[in-house]
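# Descriptive analysis of the structure
Listed below are the residues making up each chain.
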Amino acid sequence: MIQAPRGTKDIFTSEAYLWAHIENILRDIFYRFNFSEIRTPMFENTELFTRSVGEDSDIAQKEMYTFMDKGGRSLTLKPEGTAPTVRCAIQNNLFESSPKLFYITPAFRYERPQSGRYREFHQCGAESFADSTPTCDAEIISLASQILNALGIKGAALKINSIGCENCRPKYNLTLKNFIADNLKNLCGDCQNRFELNPLRILDCKNDSCKKILNNAPSVLNSLCDECKLHFEILKNLLTDLNIFYEVDDKIVRGLDYYTRTVFEFIYDNSAICGGGRYDNLVSELGAKKIPAVGFGFGMERMINAIKAQNLFDNCQVKLDLFIGNIGENAVKKSFLIANTLRCAGFNIEYNNLNRSVKSQIKTACKFNAKFFTIIGDDEIKNGSVKIKNLLTKSETQIDINSINKFLEEN
Ligand code: AMP
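Residues numbered from 1 in each chain as written. Predicted model: local features only at pLDDT ≥ 70, side-chain atom pairs only at ≥ 80, totals over all residues. Heavy atoms only, no water.

## Here's the deal with unusual backbone geometry
Unlike most non-glycine residues, Ala 130 shows phi in positive territory, near 75°. Along the chain, Ala 130 turns up in the loop between strand 6 (120–129) and helix 6 (134–151). Positive phi is not limited to glycine here, since Asp 269 has a value of about 55°. Considering the arrangement of structural elements, one finds Asp 269 in the loop between strand 9 (262–268) and strand 10 (271–278). A relative accessible area of 64% places Asp 269 in the exposed class. (Helix = DSSP H or I, 4+ residues; strand = E, 2+ residues; numbered from the N terminus. Buried < 20%, exposed > 50% of the residue type's maximum accessible area, 1.4 Å probe, protein only.)

## A look at the site of the ligand
Lining the immediate surroundings of the ligand are 15 residues, of which Arg 109, Glu 111, Tyr 118, Arg 254 and Ala 272 lie closest. Residue Tyr 118 places a main-chain N or O atom 2.8 Å away from a nitrogen atom belonging to the ligand. Between the ligand and Gly 299, the relevant distance is 3.4 Å, taken from an oxygen atom to a main-chain nitrogen or oxygen of the residue. Taking 480 Å² as the accessible area of the ligand by itself, protein coverage stands at 91%. (Near = heavy atom within 4 Å. Polar contact = N/O pair within 3.5 Å; in protein donor to acceptor, adjacent residues only side chain to side chain. Areas by Shrake-Rupley, 256 points an atom, 1.4 Å probe, with all protein chains shown as cover.)

## Re the domain arrangement of the protein
For the protein, the assigned domains are domain 1 (13–168 + 224–309) and domain 2 (322–410). Using only C-alpha atoms to locate each centre, domain 1 and domain 2 end up separated by 48 Å. (Domains from an automatic or database assignment.)

## Quick word on the sheet that holds strand 12 (residues 322–326)
Taking strand neighbours across the sheet as the criterion, the five strands line up as 13-12-14-15-16 in an open arrangement whose pairing is mixed. Edge strands, defined here as strands with exactly one partner in the open sheet, are strand 13 (349–351) and strand 16 (396–400). Taken pair by pair, the neighbouring strands of this sheet meet at an average axis angle of 25°, ignoring direction. The sheet contact formed by strand 15 (residues 385–390) and strand 16 spans five bridges and is antiparallel. (Pairing = 2+ DSSP bridges. Axes fitted to C-alpha atoms, helices over the stretch in contact; angles between N-to-C directions.)

## Some details on the environment of Arg 6
You can see Arg 6 is positioned in the segment before helix 1 (13–32). In this structure the C-alpha to C-alpha distance between Arg 6 and Tyr 118, which are 112 residues apart in sequence, comes to 8.4 Å. Once residues within four sequence positions are removed from consideration, Arg 6 is found in contact with Arg 112, Pro 113 and Arg 119. (Contact = heavy atoms within 4.5 Å.)

## Considering the layout of surface pockets
Considering only enclosed or pocket space, the second largest pocket measures out at about 330 Å³ in volume. Lining of the second largest pocket is provided by 20 residues; of these, Arg 169, Asn 198, Asp 257, Tyr 258 and Tyr 259 occupy positions nearest its centre. Counted by class, the lining of the second largest pocket contains nine nonpolar, five polar and six charged residues. (1 Å grid on protein atoms, 1.4 Å probe; cavity = no way out; pocket = protein on both sides within 12 Å on 5 of 7 lines; lining within 4 Å. Points joined across faces, edges and corners; volume = space filled by probe spheres on them. Nonpolar A, V, L, I, M, F, W, Y, C, P; charged D, E, K, R; others polar.)

## Structural notes on the sheet that holds strand 4 (residues 74–77)
Either a parallel or an antiparallel arrangement is found when strands of a sheet pair, and the pairing is made through backbone hydrogen bonds. Strand order in the open sheet formed by three strands is 2-4-3, with antiparallel pairing between adjacent strands. In this open sheet, the two edge strands, each paired with only one partner strand, are strand 2 (43–45) and strand 3 (66–68). Averaged over all pairs of adjacent strands, the angle between strand axes in this sheet comes to 35°, irrespective of strand direction.

Structure follows, in C-alpha coordinates:
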(Lines give C-alpha, C1' and ligand atoms only; values in the text may rest on other atoms or scores of the structure.)
Protein backbone atom coordinates (compact mmCIF):
# COMPACT_ATOMS: atom_id res chain seq x y z
CA MET A 1 0.00 0.00 0.00
CA ILE A 2 1.51 3.38 -1.02
CA GLN A 3 1.46 5.78 1.94
CA ALA A 4 1.54 9.59 1.91
CA PRO A 5 5.18 10.77 2.06
CA ARG A 6 6.77 11.24 5.50
CA GLY A 7 6.02 14.64 7.00
CA THR A 8 2.86 15.19 4.93
CA LYS A 9 -0.74 14.93 5.99
CA ASP A 10 -4.02 14.27 4.21
CA ILE A 11 -6.72 16.74 5.12
CA PHE A 12 -10.24 15.44 4.59
CA THR A 13 -13.94 15.66 5.54
CA SER A 14 -14.58 17.56 8.79
CA GLU A 15 -10.90 18.59 9.04
CA ALA A 16 -11.02 20.01 5.49
CA TYR A 17 -14.20 21.83 6.45
CA LEU A 18 -12.38 23.30 9.45
CA TRP A 19 -9.56 24.50 7.16
CA ALA A 20 -12.01 26.13 4.76
CA HIS A 21 -13.84 27.72 7.67
CA ILE A 22 -10.59 29.16 9.03
CA GLU A 23 -9.51 30.37 5.60
CA ASN A 24 -12.82 32.25 5.31
CA ILE A 25 -12.19 33.94 8.66
CA LEU A 26 -8.64 34.81 7.60
CA ARG A 27 -9.74 36.33 4.30
CA ASP A 28 -12.38 38.34 6.10
CA ILE A 29 -9.79 39.89 8.39
CA PHE A 30 -7.26 40.51 5.62
CA TYR A 31 -9.94 42.36 3.65
CA ARG A 32 -10.76 44.43 6.73
CA PHE A 33 -7.17 45.64 6.68
CA ASN A 34 -7.30 46.22 2.89
CA PHE A 35 -4.90 43.39 1.99
CA SER A 36 -5.34 41.68 -1.42
CA GLU A 37 -4.75 37.99 -2.03
CA ILE A 38 -1.77 36.72 -3.99
CA ARG A 39 -1.21 33.16 -5.29
CA THR A 40 2.27 32.36 -6.52
CA PRO A 41 3.60 29.14 -8.10
CA MET A 42 4.41 26.17 -5.89
CA PHE A 43 8.01 26.22 -7.19
CA GLU A 44 10.40 29.04 -8.03
CA ASN A 45 13.89 29.37 -9.43
CA THR A 46 16.20 28.18 -6.63
CA GLU A 47 18.17 31.42 -6.73
CA LEU A 48 15.16 33.35 -5.38
CA PHE A 49 15.45 31.53 -2.06
CA THR A 50 19.22 31.34 -1.77
CA ARG A 51 19.35 35.10 -2.34
CA SER A 52 16.50 35.97 0.03
CA VAL A 53 16.52 33.64 3.03
CA GLY A 54 20.33 33.67 3.08
CA GLU A 55 22.69 31.07 1.68
CA ASP A 56 23.85 30.00 5.14
CA SER A 57 20.35 29.84 6.69
CA ASP A 58 18.98 26.48 7.87
CA ILE A 59 16.37 26.66 5.14
CA ALA A 60 18.87 27.10 2.30
CA GLN A 61 21.47 24.76 3.80
CA LYS A 62 19.36 21.80 4.83
CA GLU A 63 15.67 22.17 4.22
CA MET A 64 14.93 23.05 0.63
CA TYR A 65 13.27 20.66 -1.79
CA THR A 66 15.46 21.50 -4.77
CA PHE A 67 15.44 19.59 -8.03
CA MET A 68 16.54 19.92 -11.63
CA ASP A 69 13.70 19.90 -14.11
CA LYS A 70 13.95 18.16 -17.47
CA GLY A 71 15.23 21.42 -19.00
CA GLY A 72 18.16 21.51 -16.58
CA ARG A 73 16.80 24.38 -14.44
CA SER A 74 17.27 24.31 -10.70
CA LEU A 75 13.85 24.75 -9.11
CA THR A 76 12.77 24.73 -5.46
CA LEU A 77 9.40 24.07 -3.83
CA LYS A 78 8.63 27.22 -1.88
CA PRO A 79 9.88 26.91 1.70
CA GLU A 80 8.13 30.14 2.74
CA GLY A 81 5.84 32.79 1.35
CA THR A 82 7.69 36.10 1.59
CA ALA A 83 10.31 35.74 -1.16
CA PRO A 84 7.75 34.58 -3.79
CA THR A 85 5.48 37.49 -2.80
CA VAL A 86 8.34 39.96 -3.26
CA ARG A 87 9.31 38.35 -6.57
CA CYS A 88 5.74 38.55 -7.80
CA ALA A 89 5.32 42.16 -6.61
CA ILE A 90 8.51 43.18 -8.44
CA GLN A 91 7.64 41.28 -11.62
CA ASN A 92 4.07 42.63 -11.75
CA ASN A 93 4.84 46.08 -10.40
CA LEU A 94 2.38 45.79 -7.52
CA PHE A 95 4.06 48.14 -5.06
CA GLU A 96 1.90 51.12 -5.98
CA SER A 97 -1.33 49.46 -7.04
CA SER A 98 -1.52 46.82 -4.26
CA PRO A 99 1.13 47.41 -1.62
CA LYS A 100 -0.66 45.18 0.93
CA LEU A 101 -0.70 41.50 -0.03
CA PHE A 102 -1.66 38.29 1.73
CA TYR A 103 -1.35 34.61 0.88
CA ILE A 104 -2.49 31.22 2.11
CA THR A 105 -0.13 28.63 0.68
CA PRO A 106 1.49 25.25 1.18
CA ALA A 107 5.22 25.44 1.98
CA PHE A 108 7.86 22.71 1.92
CA ARG A 109 10.85 22.13 4.16
CA TYR A 110 12.92 18.99 4.58
CA GLU A 111 12.80 18.93 8.38
CA ARG A 112 12.59 16.09 10.87
CA PRO A 113 8.84 15.59 11.24
CA GLN A 114 7.51 15.97 14.77
CA SER A 115 4.47 17.46 16.44
CA GLY A 116 3.73 20.81 14.74
CA ARG A 117 6.57 20.33 12.25
CA TYR A 118 5.89 18.90 8.81
CA ARG A 119 7.61 18.64 5.45
CA GLU A 120 4.59 20.05 3.72
CA PHE A 121 2.86 22.64 5.86
CA HIS A 122 0.77 25.73 5.22
CA GLN A 123 1.52 29.34 5.83
CA CYS A 124 -0.81 32.28 5.85
CA GLY A 125 1.05 35.53 5.66
CA ALA A 126 0.78 39.22 5.00
CA GLU A 127 3.32 41.61 3.50
CA SER A 128 2.96 45.38 3.54
CA PHE A 129 5.20 47.35 1.17
CA ALA A 130 6.34 50.93 0.72
CA ASP A 131 5.70 52.12 4.27
CA SER A 132 8.74 52.43 6.52
CA THR A 133 6.95 53.85 9.55
CA PRO A 134 6.60 52.09 12.90
CA THR A 135 2.85 52.58 12.43
CA CYS A 136 3.01 50.08 9.60
CA ASP A 137 4.79 47.58 11.92
CA ALA A 138 2.06 48.16 14.50
CA GLU A 139 -0.62 47.63 11.86
CA ILE A 140 0.93 44.30 10.82
CA ILE A 141 1.22 43.14 14.44
CA SER A 142 -2.34 44.25 15.10
CA LEU A 143 -3.48 42.26 12.04
CA ALA A 144 -1.77 39.11 13.38
CA SER A 145 -3.26 39.74 16.79
CA GLN A 146 -6.78 40.17 15.34
CA ILE A 147 -6.39 36.89 13.48
CA LEU A 148 -5.70 35.13 16.78
CA ASN A 149 -8.67 36.92 18.39
CA ALA A 150 -11.04 36.10 15.53
CA LEU A 151 -10.08 32.44 15.72
CA GLY A 152 -10.54 32.53 19.49
CA ILE A 153 -6.98 31.31 20.18
CA LYS A 154 -5.99 32.34 23.68
CA GLY A 155 -2.58 32.30 25.33
CA ALA A 156 -0.31 33.32 22.43
CA ALA A 157 2.34 35.68 23.81
CA LEU A 158 3.74 38.43 21.60
CA LYS A 159 7.50 38.92 21.79
CA ILE A 160 9.16 41.79 19.96
CA ASN A 161 12.71 42.91 19.32
CA SER A 162 14.70 45.18 17.05
CA ILE A 163 17.77 43.83 15.28
CA GLY A 164 18.83 47.19 13.88
CA CYS A 165 19.73 48.24 10.37
CA GLU A 166 22.76 48.17 8.06
CA ASN A 167 24.19 51.12 10.02
CA CYS A 168 24.12 49.68 13.54
CA ARG A 169 24.07 45.90 12.96
CA PRO A 170 27.79 45.63 12.05
CA LYS A 171 28.67 47.22 15.39
CA TYR A 172 26.49 44.71 17.23
CA ASN A 173 27.93 41.81 15.23
CA LEU A 174 31.39 42.81 16.50
CA THR A 175 30.18 43.12 20.12
CA LEU A 176 28.50 39.73 19.85
CA LYS A 177 31.56 38.11 18.27
CA ASN A 178 33.76 39.44 21.06
CA PHE A 179 31.41 37.86 23.59
CA ILE A 180 31.18 34.57 21.71
CA ALA A 181 34.89 34.23 20.90
CA ASP A 182 35.73 32.86 24.36
CA ASN A 183 32.92 30.31 24.20
CA LEU A 184 33.18 29.42 20.56
CA LYS A 185 34.50 25.89 21.14
CA ASN A 186 31.53 25.13 23.41
CA LEU A 187 28.95 26.03 20.78
CA CYS A 188 27.45 23.55 18.32
CA GLY A 189 28.91 23.07 14.83
CA ASP A 190 26.20 25.18 13.20
CA CYS A 191 26.93 28.10 15.52
CA GLN A 192 30.65 27.79 14.92
CA ASN A 193 30.04 28.01 11.17
CA ARG A 194 27.86 31.07 11.66
CA PHE A 195 30.44 32.88 13.79
CA GLU A 196 32.14 34.49 10.80
CA LEU A 197 29.29 34.46 8.31
CA ASN A 198 26.32 35.56 10.36
CA PRO A 199 26.95 35.86 14.13
CA LEU A 200 23.48 37.28 14.82
CA ARG A 201 21.93 33.98 13.76
CA ILE A 202 23.75 32.25 16.64
CA LEU A 203 21.15 33.85 18.95
CA ASP A 204 18.49 31.83 17.11
CA CYS A 205 20.07 28.45 17.90
CA LYS A 206 17.62 26.00 19.45
CA ASN A 207 20.37 23.87 21.02
CA ASP A 208 19.99 24.00 24.84
CA SER A 209 23.68 24.24 25.67
CA CYS A 210 24.16 27.07 23.12
CA LYS A 211 21.11 28.83 24.51
CA LYS A 212 22.59 28.68 28.00
CA ILE A 213 25.83 30.30 26.88
CA LEU A 214 23.99 32.95 24.90
CA ASN A 215 21.72 33.90 27.80
CA ASN A 216 24.35 36.40 28.92
CA ALA A 217 25.12 37.73 25.45
CA PRO A 218 25.11 41.53 25.11
CA SER A 219 21.72 42.88 24.06
CA VAL A 220 21.25 43.99 20.48
CA LEU A 221 19.03 46.75 21.85
CA ASN A 222 22.07 48.46 23.38
CA SER A 223 23.70 48.77 19.96
CA LEU A 224 20.82 50.34 18.04
CA CYS A 225 21.44 53.61 16.21
CA ASP A 226 19.23 56.58 17.09
CA GLU A 227 16.83 56.00 14.16
CA CYS A 228 16.34 52.34 15.04
CA LYS A 229 15.92 53.18 18.71
CA LEU A 230 13.26 55.77 17.91
CA HIS A 231 11.48 53.38 15.53
CA PHE A 232 11.33 50.73 18.26
CA GLU A 233 10.15 53.22 20.93
CA ILE A 234 7.32 54.48 18.71
CA LEU A 235 6.29 50.90 17.90
CA LYS A 236 6.15 49.96 21.58
CA ASN A 237 4.02 53.04 22.37
CA LEU A 238 1.66 52.25 19.51
CA LEU A 239 1.22 48.65 20.70
CA THR A 240 0.40 49.97 24.16
CA ASP A 241 -2.14 52.40 22.62
CA LEU A 242 -3.65 49.46 20.73
CA ASN A 243 -3.92 47.47 23.98
CA ILE A 244 -1.70 44.77 22.51
CA PHE A 245 0.29 43.21 25.29
CA TYR A 246 3.92 42.42 24.39
CA GLU A 247 7.20 41.45 25.92
CA VAL A 248 10.56 42.68 24.63
CA ASP A 249 12.84 39.69 24.02
CA ASP A 250 16.27 40.69 22.77
CA LYS A 251 17.09 37.09 21.79
CA ILE A 252 14.55 37.00 18.99
CA VAL A 253 16.35 37.40 15.67
CA ARG A 254 14.31 35.06 13.40
CA GLY A 255 15.86 32.41 11.21
CA LEU A 256 15.86 34.33 7.94
CA ASP A 257 18.49 36.75 6.76
CA TYR A 258 16.35 39.50 5.38
CA TYR A 259 15.00 41.11 8.54
CA THR A 260 15.86 44.67 9.59
CA ARG A 261 14.69 46.56 12.69
CA THR A 262 11.44 45.07 14.05
CA VAL A 263 11.15 41.30 14.49
CA PHE A 264 8.38 39.56 16.40
CA GLU A 265 6.90 36.20 17.25
CA PHE A 266 3.64 35.03 18.76
CA ILE A 267 4.63 32.12 20.98
CA TYR A 268 2.05 29.46 21.68
CA ASP A 269 2.80 26.22 23.49
CA ASN A 270 6.57 26.87 23.39
CA SER A 271 6.82 27.44 19.65
CA ALA A 272 6.19 30.29 17.25
CA ILE A 273 2.68 30.11 15.86
CA CYS A 274 3.47 33.30 13.91
CA GLY A 275 6.73 35.04 13.07
CA GLY A 276 7.50 38.19 11.20
CA GLY A 277 9.27 41.49 10.97
CA ARG A 278 10.50 44.33 8.83
CA TYR A 279 12.70 43.71 5.80
CA ASP A 280 13.64 47.01 4.24
CA ASN A 281 16.39 45.65 1.97
CA LEU A 282 14.90 42.49 0.47
CA VAL A 283 13.13 44.17 -2.44
CA SER A 284 16.31 45.92 -3.55
CA GLU A 285 18.38 42.79 -2.95
CA LEU A 286 16.05 40.97 -5.34
CA GLY A 287 16.69 43.53 -8.05
CA ALA A 288 14.14 46.33 -7.68
CA LYS A 289 14.55 49.78 -6.16
CA LYS A 290 14.65 50.14 -2.39
CA ILE A 291 11.15 49.60 -1.05
CA PRO A 292 10.62 49.04 2.67
CA ALA A 293 8.41 46.17 3.81
CA VAL A 294 7.07 44.41 6.87
CA GLY A 295 5.16 41.15 7.16
CA PHE A 296 4.42 37.94 9.03
CA GLY A 297 3.74 34.26 8.45
CA PHE A 298 1.43 32.05 10.50
CA GLY A 299 2.00 28.33 10.57
CA MET A 300 -1.49 27.06 9.83
CA GLU A 301 -0.99 23.56 11.25
CA ARG A 302 0.02 25.18 14.55
CA MET A 303 -3.03 27.40 14.28
CA ILE A 304 -5.26 24.35 13.73
CA ASN A 305 -3.59 22.45 16.59
CA ALA A 306 -4.30 25.38 18.92
CA ILE A 307 -7.91 25.55 17.74
CA LYS A 308 -8.35 21.84 18.40
CA ALA A 309 -6.58 21.96 21.77
CA GLN A 310 -8.88 24.79 22.88
CA ASN A 311 -12.00 23.04 21.54
CA LEU A 312 -12.92 25.93 19.27
CA PHE A 313 -15.23 25.08 16.34
CA ASP A 314 -15.64 21.51 17.59
CA ASN A 315 -18.74 20.93 15.50
CA CYS A 316 -17.20 21.52 12.13
CA GLN A 317 -19.22 19.72 9.49
CA VAL A 318 -21.36 20.76 6.61
CA LYS A 319 -24.97 20.35 7.69
CA LEU A 320 -27.58 19.01 5.31
CA ASP A 321 -30.85 20.94 5.28
CA LEU A 322 -32.74 17.86 4.20
CA PHE A 323 -32.18 14.17 3.48
CA ILE A 324 -34.78 12.78 1.06
CA GLY A 325 -35.43 9.11 1.69
CA ASN A 326 -37.50 6.94 -0.61
CA ILE A 327 -39.16 3.58 -1.16
CA GLY A 328 -39.50 2.19 -4.69
CA GLU A 329 -38.09 3.03 -8.09
CA ASN A 330 -40.47 5.89 -8.92
CA ALA A 331 -39.74 7.52 -5.61
CA VAL A 332 -35.97 7.36 -6.17
CA LYS A 333 -36.40 9.29 -9.40
CA LYS A 334 -38.84 11.75 -7.79
CA SER A 335 -36.49 12.41 -4.85
CA PHE A 336 -33.56 12.90 -7.21
CA LEU A 337 -35.57 15.55 -9.11
CA ILE A 338 -36.70 17.26 -5.90
CA ALA A 339 -33.12 17.21 -4.61
CA ASN A 340 -31.98 18.93 -7.78
CA THR A 341 -34.63 21.67 -7.52
CA LEU A 342 -33.79 22.31 -3.87
CA ARG A 343 -30.04 22.34 -4.55
CA CYS A 344 -30.64 24.93 -7.31
CA ALA A 345 -32.50 26.98 -4.72
CA GLY A 346 -29.41 26.94 -2.49
CA PHE A 347 -30.14 24.17 0.05
CA ASN A 348 -27.75 21.39 1.07
CA ILE A 349 -29.54 18.23 0.08
CA GLU A 350 -28.82 14.50 -0.12
CA TYR A 351 -31.20 11.82 -1.36
CA ASN A 352 -31.18 8.06 -1.10
CA ASN A 353 -30.04 6.20 -4.20
CA LEU A 354 -29.47 2.80 -2.61
CA ASN A 355 -31.90 0.02 -1.98
CA ARG A 356 -32.04 0.10 1.81
CA SER A 357 -34.49 0.16 4.69
CA VAL A 358 -36.11 3.34 6.00
CA LYS A 359 -34.26 2.81 9.29
CA SER A 360 -30.90 2.75 7.58
CA GLN A 361 -31.84 5.81 5.51
CA ILE A 362 -32.61 7.75 8.71
CA LYS A 363 -29.29 6.59 10.13
CA THR A 364 -27.50 7.93 7.06
CA ALA A 365 -29.37 11.24 7.34
CA CYS A 366 -28.20 11.55 10.96
CA LYS A 367 -24.63 10.68 9.97
CA PHE A 368 -24.67 13.59 7.51
CA ASN A 369 -26.05 15.96 10.17
CA ALA A 370 -29.30 16.51 8.28
CA LYS A 371 -31.71 18.89 9.96
CA PHE A 372 -34.80 17.40 8.28
CA PHE A 373 -35.70 14.02 6.90
CA THR A 374 -38.51 13.03 4.59
CA ILE A 375 -39.49 9.78 2.96
CA ILE A 376 -41.15 9.55 -0.43
CA GLY A 377 -43.05 6.51 -1.63
CA ASP A 378 -45.83 5.81 -4.16
CA ASP A 379 -48.48 7.19 -1.75
CA GLU A 380 -46.66 10.48 -1.28
CA ILE A 381 -46.31 10.87 -5.04
CA LYS A 382 -50.00 10.06 -5.57
CA ASN A 383 -51.24 12.41 -2.79
CA GLY A 384 -48.69 15.15 -3.48
CA SER A 385 -47.96 15.42 0.21
CA VAL A 386 -44.95 14.50 2.40
CA LYS A 387 -44.16 14.30 6.08
CA ILE A 388 -41.02 16.23 7.11
CA LYS A 389 -39.35 15.19 10.32
CA ASN A 390 -37.03 17.42 12.34
CA LEU A 391 -34.29 14.97 13.33
CA LEU A 392 -33.35 16.97 16.40
CA THR A 393 -36.75 17.69 17.96
CA LYS A 394 -38.41 14.66 16.30
CA SER A 395 -41.45 16.84 15.43
CA GLU A 396 -43.22 16.06 12.16
CA THR A 397 -45.04 18.35 9.71
CA GLN A 398 -47.23 17.29 6.80
CA ILE A 399 -46.71 19.56 3.79
CA ASP A 400 -47.42 19.80 0.06
CA ILE A 401 -44.68 18.06 -1.93
CA ASN A 402 -44.20 21.24 -3.98
CA SER A 403 -43.71 23.48 -0.97
CA ILE A 404 -40.58 21.83 0.54
CA ASN A 405 -38.57 24.82 -0.66
CA LYS A 406 -40.83 27.24 1.25
CA PHE A 407 -40.78 24.98 4.33
CA LEU A 408 -36.96 24.87 4.40
CA GLU A 409 -36.78 28.62 3.95
CA GLU A 410 -39.08 29.18 6.90
CA ASN A 411 -37.52 26.61 9.21
P1 AMP B 1 9.22 31.01 9.28
O2 AMP B 1 8.98 31.21 7.80
O3 AMP B 1 10.31 30.04 9.60
O4 AMP B 1 9.27 32.30 10.03
O5 AMP B 1 7.90 30.26 9.80
C6 AMP B 1 6.66 30.91 9.91
C7 AMP B 1 5.71 30.00 10.65
O8 AMP B 1 5.52 28.82 9.88
C9 AMP B 1 6.27 29.52 11.97
O10 AMP B 1 5.94 30.39 12.98
C11 AMP B 1 5.61 28.18 12.15
O12 AMP B 1 4.37 28.35 12.80
C13 AMP B 1 5.39 27.69 10.75
N14 AMP B 1 6.36 26.65 10.35
C15 AMP B 1 7.64 26.79 9.97
N16 AMP B 1 8.18 25.59 9.64
C17 AMP B 1 7.20 24.67 9.81
C18 AMP B 1 7.12 23.25 9.63
N19 AMP B 1 8.14 22.53 9.19
N20 AMP B 1 5.95 22.64 9.91
C21 AMP B 1 4.88 23.34 10.35
N22 AMP B 1 4.89 24.68 10.53
C23 AMP B 1 6.04 25.34 10.28
